[in-house]
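Each chain, letter by letter, is given below.
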Amino acid sequence: MNYWLMKSEPSVFGIDDLAARPKKTEPWDGVRNYQARNMMRDTMRRGDLAFFYHSNCEPPGIVGIMEVVREGYPDPTQFDPESKYHDPKSDLDDPRWYLVDVRLKKRFRAMVTLAELREHAGELGEFALLRKGNRLSVMPVETATWQRILELAGS
DNA sequence: GCCAACGTTGGC
DNA sequence: GCCAACGTTGGC
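Keep in mind that this is a model prediction, so the values were computed, not measured. (Residues numbered from 1 in each chain as written. Chains lettered and ligands numbered in written order. Predicted model: local features only at pLDDT ≥ 70, side-chain atom pairs only at ≥ 80, totals over all residues. Heavy atoms only, no water.)

**Student:** Looking at this structure, I do not really get the protein's contact with DNA strand B. What am I missing?
**Tutor:** Surrounding DNA strand B, one finds Tyr34, Lys89, Lys132, Gly133 and Arg135. The protein-proximal atoms of DNA strand B, defined as those within 4 Å of the protein, are 62% sugar or phosphate. Between Lys132 and DNA strand B, the recorded distance is 3.0 Å, taken from a side-chain N or O atom to a phosphate oxygen. Here the residues of the surface near DNA strand B sort into 1 nonpolar, 1 polar and 3 charged. (Near = heavy atom within 4 Å. Polar contact = N/O pair within 3.5 Å; in protein donor to acceptor, adjacent residues only side chain to side chain. Nonpolar A, V, L, I, M, F, W, Y, C, P; charged D, E, K, R; others polar.)

Following this line, the structure appears as C-alpha cells:
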C-alpha cells in the first residue's frame, strides 16, 4: 500500500465538502500538472491512503485521511466547455488529464498545521511538502513519514 | 495583496 | 532546443 498527500484549497473544495458528498466520495478533478497526473494515472491504487491538505488558507495543514476508491481514469472536466478545468487541447481518444476517486476516511480532531510539520521536519525524512517552492498538488508520502504525522495528529 | 518559485508557451 | 515572457501556486 502506498501513501499520498493531496492538496486542495478549502475555499474551492475542503474536507467539509467531501464529508457532505454522497458516500463521502468525490472525483479529485481539476489537477493540471503532469507529475501529479502521472501519479494518479499510473501509480495510485485502490486502498491507498492520502492525507487531505488544505492549501492557500490560514492556517494551511493536514485535516484528515482519504482512501482511493477508484483508480485512474480520464478527468471528464477536461472535455466540458462549461468547466473551468476545460482543456480544449485534450483529445477524447488520448485524454491528457486523469483523476482518482477518493473517500473521506478520517477527519483529524485538530489539523496538523504546516508550521507544526516544519517544527518536526527533522523527523519527517524526505518530505516533498516541506521543500522550498514545492507546488505539487499530489505527492507520495513515505511510510515512516506517514506514521510520524499520524502521531502528530494524536490518532 | 505581495511575491518567490516554478511550469508552460511560443518566438526564434 | 533555447529562453524570455507569462501564468499559477501557495505561503506569508
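On we go from here.
**Student:** Just checking my understanding: could you explain the protein's contact with DNA strand C for this structure?
**Tutor:** Neighbouring residues of DNA strand C: Lys7, Tyr53, Ser55, Asn56, Pro60, Leu114, Arg118 and Arg135. Sugar plus phosphate: this is where 76% of the atoms of DNA strand C within 4 Å of the protein reside. The contact in question runs from a phosphate oxygen of DNA strand C to an N or O atom on the side chain of Lys7, over 2.9 Å. Tyr53 places a side-chain nitrogen or oxygen 2.7 Å from a phosphate oxygen of DNA strand C. Of the residues assigned to the surface near DNA strand C, the class counts are 3 nonpolar, 2 polar and 3 charged.

**Student:** I tried to follow helix α5 (residues 143-153) on my own but got confused; where do I start?
**Tutor:** One turn of the α-helix equals 3.6 residues, which is why residues spaced by three or four share an orientation. All of the buried residues along α5 are Thr145, Trp146, Ile149, Leu152 and Ala153. Across the axial projection of α5, the buried residues extend over an arc of 120°, all falling on one side. Away from its buried face, by an angle of more than 90 degrees, α5 presents the exposed residues Ala144 and Glu151. Contact partners of the buried residues in α5: β1 (3-8), β3 (49-54), β4 (61-74), β5 (98-113), α4 (114-119) and β6 (138-141). Directly after α5, the chain includes Gly154, whose backbone phi takes a positive value near 75°. (Buried < 20%, exposed > 50% of the residue type's maximum accessible area, 1.4 Å probe, protein only. Helix = DSSP H or I, 4+ residues; strand = E, 2+ residues; numbered from the N terminus. Arc of directions from axis to C-beta. Contact = heavy atoms within 4.5 Å.)

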